[in-house]
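Architecture and fold: a report
What follows is each chain in one-letter form.
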Amino acid sequence: MGIFYQKETKTFYLDGKGYSYVFKVNEYGVLEHLYFGKTIAHDDVSYIRDRGTNSTEATIPGIDDGDAFYNRFMPEVAFFGTGDYREPCFMVRSNLGDRLVQPHYHSHEILETKPQIDGMPSMSGEQTLVVHLKDEIIGLELDVYYTPYCDAGVISRRIIYKNMSNDTLELLRAYSFTLNLARNDYSVMSLYGGWASERNIETIPMHRGVVSIDSKRTTSSATLNPFVALISPNATEETGSVYGVNLVYSSSFALKVEGTHQGRTLVTGGINDFDFAWKLESGETLETPEAVIAYSSEGIGGMSRAFHDAYREHIINPRYVKKPRPVVINNWEATYFNFDVPKLKKIIDGVKGTGIDTFVLDDGWFGDRNSDRSALGDWVVNEDKLEGPLKNIIDYAHQNGLKFGLWFEPEMVSEDSDLFRAHPDWAIGVPNRKRCYSRHQYMLDLTRSEVRDYIVNSVNKVIRENEIDYVKWDYNRNVTDSYSIELPADRQMEFAHRYALGVYDLFERIVNANPDVIFEGCAGGGGRFDAGVLHYFPQIWTSDDTDAEERTRIQYGTSIVYPLSSMSCHFSVVPNHQTGRIIREKTRADIARLGAYGYELDSSKFTDADREMVAKQVDEYKAMQSLVLKGDLYRFENPYESNYFGFTLVSKDKSHAHITFYSRINRPNSEPKFIYPTGLDENKKYYIKELDTALYGSTIMNVGLKPELARNCGDFVSNTYSLSEI
Ligand code: GLA
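Residues numbered from 1 in each chain as written. Predicted model: local features only at pLDDT ≥ 70, side-chain atom pairs only at ≥ 80, totals over all residues. Heavy atoms only, no water.

**Structural notes on the environment of aspartate 453**
Position of aspartate 453 relative to the elements: it lies in helix H6 (residues 449–465). As for aspartate 453 and glycine 301, which are separated by 152 residues in sequence, their C-alpha atoms are 43 Å apart. (Helix = DSSP H or I, 4+ residues; strand = E, 2+ residues; numbered from the N terminus.)

**Side note on helix H11 (residues 608–630)**
With 23 residues, H11 ought to run about 33 Å at 1.5 Å a step, and its terminal C-alpha atoms sit 34 Å apart, in line with that. Buried residues in H11 make contact with helix H1 (299–314), strand S29 (567–572), helix H10 (585–592), strand S30 (596–600), strand S32 (644–650) and strand S33 (656–663). (Expected span 1.5 Å × (residues − 1). Contact = heavy atoms within 4.5 Å.)

**Brief notes about the sheet that holds S33**
Within the open sheet, the six strands sit side by side as S31-S32-S33-S36-S34-S35. Their pairing is antiparallel. Each edge of the open sheet carries a strand with a single partner, namely strand S31 (632–637) and strand S35 (693–696). The average angle at which neighbouring strand axes cross in this sheet is 25°, direction not considered. One ladder, built from five bridges, connects S31 with S32; its direction is antiparallel. In the strand pairing of S32, leucine 633 is matched with leucine 649. H10 contacts S32, S33 and strand S36 (717–725) of the sheet and is inclined by roughly 50° relative to S36. (Pairing = 2+ DSSP bridges. Axes fitted to C-alpha atoms, helices over the stretch in contact; angles between N-to-C directions.)

**Observations concerning the pattern of salt bridges**
One pass over the full model with this rule turns up 54 salt bridges. The salt bridge partner of aspartate 309 is lysine 652, with a shortest N-O separation of 2.8 Å. Linking aspartate 309 in helix H1 with lysine 652 in the loop between S32 and S33, this pair joins segments that are 343 residues apart in sequence. The partner of glutamate 620 in a salt bridge is lysine 616, and the shortest N-O contact between them spans 3.3 Å. A residue pair is termed a helical-turn pair when its members lie 3 or 4 positions apart in one helix, as glutamate 620 and lysine 616 do in helix H11 at four residues. Residue glutamate 620 is classed as partly exposed on the basis of its relative accessible area, which comes to 31%. With a relative accessible area of 52%, lysine 616 lands in the exposed category. Salt bridges sharing partners connect three or more residues here, namely Asp547, Glu549, Glu550, Arg553, Arg581 and Arg664. (Salt bridge = Lys/Arg side-chain N within 4 Å of Asp/Glu carboxyl O. Buried < 20%, exposed > 50% of the residue type's maximum accessible area, 1.4 Å probe, protein only.)

**Remarks on helix H9 (residues 548–559)**
Its 12 residues give H9 an end-to-end C-alpha distance of 16 Å, which sits within 8% of 16 Å, the value for a rise of 1.5 Å per residue. With respect to burial, H9 is a largely interior element, 11 of its 12 residues being buried. Where H9 begins, one side-chain oxygen reaches toward the backbone nitrogen of glutamate 549, 2.9 Å away; that side chain belongs to aspartate 547. (Polar contact = N/O pair within 3.5 Å; in protein donor to acceptor, adjacent residues only side chain to side chain.)

**Some thoughts on the nonpolar core**
Tyr311, Trp365 and Leu390 are the most contacted members of the largest nonpolar core, which totals 189 residues. Those residues in contact with tryptophan 365 that lie beyond four places of it in its chain are Phe339, Trp379, Val380, Val381, Asn382, Leu386, Leu406, Trp407, Phe408 and Val462. Ranked by size, the runner-up nonpolar core spans 16 residues in total, among them Leu680, Ile700, Tyr721 and Leu723. (Core = buried A, V, L, I, M, F, W, Y, C linked by side-chain atoms within 4.5 Å.)

**A short note on the pairing of strand S4 (residues 31–38)**
Counting buried positions along S4 yields six of eight residues, so the element is predominantly enclosed. Note: strand S3 (residues 19–25) against S4, seven bridges, orientation antiparallel. Bridging across to S4, valine 25 finds its partner in leucine 31. Where S3 folds back on S4, the antiparallel hairpin that results is connected by five residues, among which glycine 29 adopts a positive phi of roughly 80°.

**Here we look at the packing of helix H3 (residues 341–350) against helix H4 (residues 390–399)**
The relative placement of two packed helices is expressed as an angle between their axes plus a distance between the axes. It is the contact of H3 with H4, at a shortest axis distance of 10 Å, that shows an interaxial angle of 15°. Looking at the two axes, H3 sits roughly parallel to H4. Considering how the two elements wind past one another, H3 and H4 form a crossing that is right-handed. Between H3 and H4, the contacting residues are Leu344, Lys345, Ile348 and Asp349 on the first element and Ile393, Tyr396 and Ala397 on the second. For the contact of H3 with H4, the per-class residue count stands at five nonpolar, no polar and two charged. (Parallel < 35°, antiparallel > 145°, perpendicular 65-115°, else oblique. Left-handed = near helix turned anticlockwise from the far one by under 90°. Nonpolar A, V, L, I, M, F, W, Y, C, P; charged D, E, K, R; others polar.)

Structure (structure tokens):
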């Protein structure tokens, strides 16, 4: 595995876990893609180029014969204007106003360690290939980065755009990669949704033309996740070739999938070029976000495991990624804004002896914040409401053996706040125009350093002055009125990306200043669930919807890309606050423990029996937590396609496993239901605790298990099985 350059044929072979990625410098000096898929030998595969026969194709500029046209190559970096009519990877306007460019190979280098992106999150890694491309006429240079991984089935890609001329250039599109795939009959999978219904799966057949997945919200958004997969015909959950692309990016993005009449597919994307233009003065560069591209010959499940491995090993903070997470009690659904000190103390008292180890004080502890209409931005403890300093309630938590967590929403400002009264111009908006409200609040202009300094200082002050172990970082609305009073008119279309750089600057300066604090991301639930956020926050509140039935779909969809340990999942009361649905306690616990587990309810109302129940649930969670943090996920029932949901979590050495099966609607006299978990070692014999029996993996996976679904058991029933090798 690694990076190999074959001088004679000028071919690059990038071998990662389970795949080969091959391209060459062709006779025109263009980087020509040759192959990406299951591992192959280092043969010369340039014969797969489609030689031109169509006389209406445009020739390579200046060459009035030959049989190669740009439109026929598979370009490593697709470019516009000289005969390639597919989606280009970038567009640049020169000082003449033309948009022509021909990025030709100049040189390459192989770095032993992967450089991090300046000001943006990126994967750690080792050997990295950088190919330098140049357009001599306008002086644009591109550094094209490739990092193959031997511990995960992914390759990471990005491009740095550099203006080496004496003139100004304007980038009208600056994507991170072009990916070529060998056929054009894939299915396209994406993750869509909205508040309380995040990351649903949609799979559509590919068509000629462009499938576009994007966000124009200046956040990665719940509307569409920055992810797309290409599924080969006949591929299944566990078999066949599947490709996935995920951006390490938290702002407006675009991913485009183009089926071409040459029988190929071109995928490209990065920063959204909608409402985008970026001025590059002489000598300036633009770094683009990283694209993580997975290849799996083991179906959709193999692609998910490739992303999970990649993110656990290379994106999420190693200090937390595989460490047991706090089991929290959060007061939001218990009190909303309506709490006082006696109430908080009762919530803390309520969890005594249950194994819950962290109390999180949610929204409403600061400024004059008693509803969602005021005080965002005023990160000063409301000592009237808390009857004194925050220390009092923190001490009370500590005396009761609990750590302490606190809610912030640092990127926001309420109109009714001291901050807004002092600095109305700090809110994003166009002078002399009224701004849009969303959840009654505005957003701060994070492109401005003085605004970021204020946030960093005021948030860090609260954390520094108090013993805080956990921060829930919320973000409850999306950008409107995109404009910064500090940017010149001809740079206003840089706003969405500059906002992202501002967010990452905040994350760096607050997370790094508090290395012992675990941060949880949140965005009105899972409205900003992406690999960029995960670089700083090891877990994200998956959804405000805590209903177990809804969560089977939300967590299943989220698991397509993101590891279970990145999803915060809480057990909550019934009737559920979002759906009104009543689901039994066992099912709520079984589904919530497929993530970073906690509680979202009023524990002041706990009876002794409730406490006993919770203690048992927490014990059960702790017994399987290492599988949530480190195990491989195999999905065997898909709630989008059937009445069921099924996950098996298997330890890397396959000695332990945890099977979760869930049945939505109970039908009397229905056909018997067997489940066929996947991912076990067929030659290992496992003791199954719940059945008090031992069976070989081959038996469990092929003969199946018969879950308990009694005729009158009701709806929303779960069965779990704990397996250990004997
Ligand atoms: C968002 C979060 C909730 C809660 C509230 C507080 O909606 O998703 O969990 O923190 O904000 O206002």
